Amino acid sequence: MDLEKIYNIIKNSKTHQYKTINLGNILELIITDECVDVYKYVDQSKVGDDYDFDSDYLTTIYRM
């Protein structure tokens, strides 16, 4: 991975209410007590009312 991509991930990473973590514009992690759901990142300002968020789902990581 080149340095520009790494810089963009760092610059665009953020946390929302300690339950959602955006890793740059690549992944979104949604954290619950039982698991972490992993989604492809989607810019929420460009999403319409009829957007299918399930199409961005990648996997669930369960806590042990």
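Before reading further, recall that the structure is shown in the block above.
Since we're looking at a predicted model, the values are computed, not measured.

Each value, and the rule that gives it
Residues numbered from 1 in each chain as written. Predicted model: local features only at pLDDT ≥ 70, side-chain atom pairs only at ≥ 80, totals over all residues. Heavy atoms only, no water. Pairing = 2+ DSSP bridges. Helix = DSSP H or I, 4+ residues; strand = E, 2+ residues; numbered from the N terminus. Axes fitted to C-alpha atoms, helices over the stretch in contact; angles between N-to-C directions. Phe/Tyr/Trp six-rings, centres within 6.5 Å; stacked < 30°, edge-to-face > 60°. Buried < 20%, exposed > 50% of the residue type's maximum accessible area, 1.4 Å probe, protein only.

Asker: Please provide a residue-by-residue account of the sheet that holds strand E1 (residues 14-16), values included.
Answerer: Reading across from one edge, E1-E2-E3-E4-E5 is the order of the five strands in this open sheet, with antiparallel pairing throughout. In this open sheet, the two edge strands, each paired with only one partner strand, are E1 and strand E5 (57-62). Ignoring which end each strand starts from, the neighbouring axes of this sheet average 20° apart. Sheet analysis places strand E4 (residues 35-40) next to E5, joined by five bridges and oriented antiparallel. Bridged to cysteine 35 within E5 is tyrosine 62.

Asker: Lay out the packing of aromatic side chains with the relevant residues and their values.
Answerer: Aromatic ring pairs: the centre-centre distance and the angle between the two ring planes describe each pair. Evaluated as defined, the whole model comprises two aromatic pairs. A centroid spacing of 5.6 Å and a plane angle of 75° characterise the contact between tyrosine 39 and tyrosine 57, whose relative ring orientation is edge-to-face. Note that tyrosine 39 is positioned in strand E4 and tyrosine 57 in strand E5, a separation of 18 residues in sequence. Taking the relative accessible area as the measure of exposure, tyrosine 57 reaches 37% and is therefore partly exposed. Here the aromatic rings of tyrosine 51 and phenylalanine 53 are separated by 5.0 Å at their centres, their planes lie at 70°, and the arrangement is edge-to-face. On the basis of relative accessible area, tyrosine 51 is assigned to the partly exposed category, the value being 30%.

Asker: Quick rundown of the pairing of strand E2 (residues 20-23)? Include the residues and the values.
Answerer: The side-chain alternation of E2 yields one buried face, formed by Thr20 and Asn22, and one unburied face, formed by Ile21 and Leu23. Counted between consecutive antiparallel strands, the loop separating E1 from E2 contains three residues, among which glutamine 17 sits at a positive phi close to 55°. Relative to strand E3 (residues 27-31), E2 runs antiparallel, the two being bridged by four bridges. Across the sheet, isoleucine 21 pairs through a bridge with leucine 29, a residue of E3. Here E2 folds back onto E3, and the loop between the two strands holds three residues, one of which, glycine 24, carries a positive phi near 60°.

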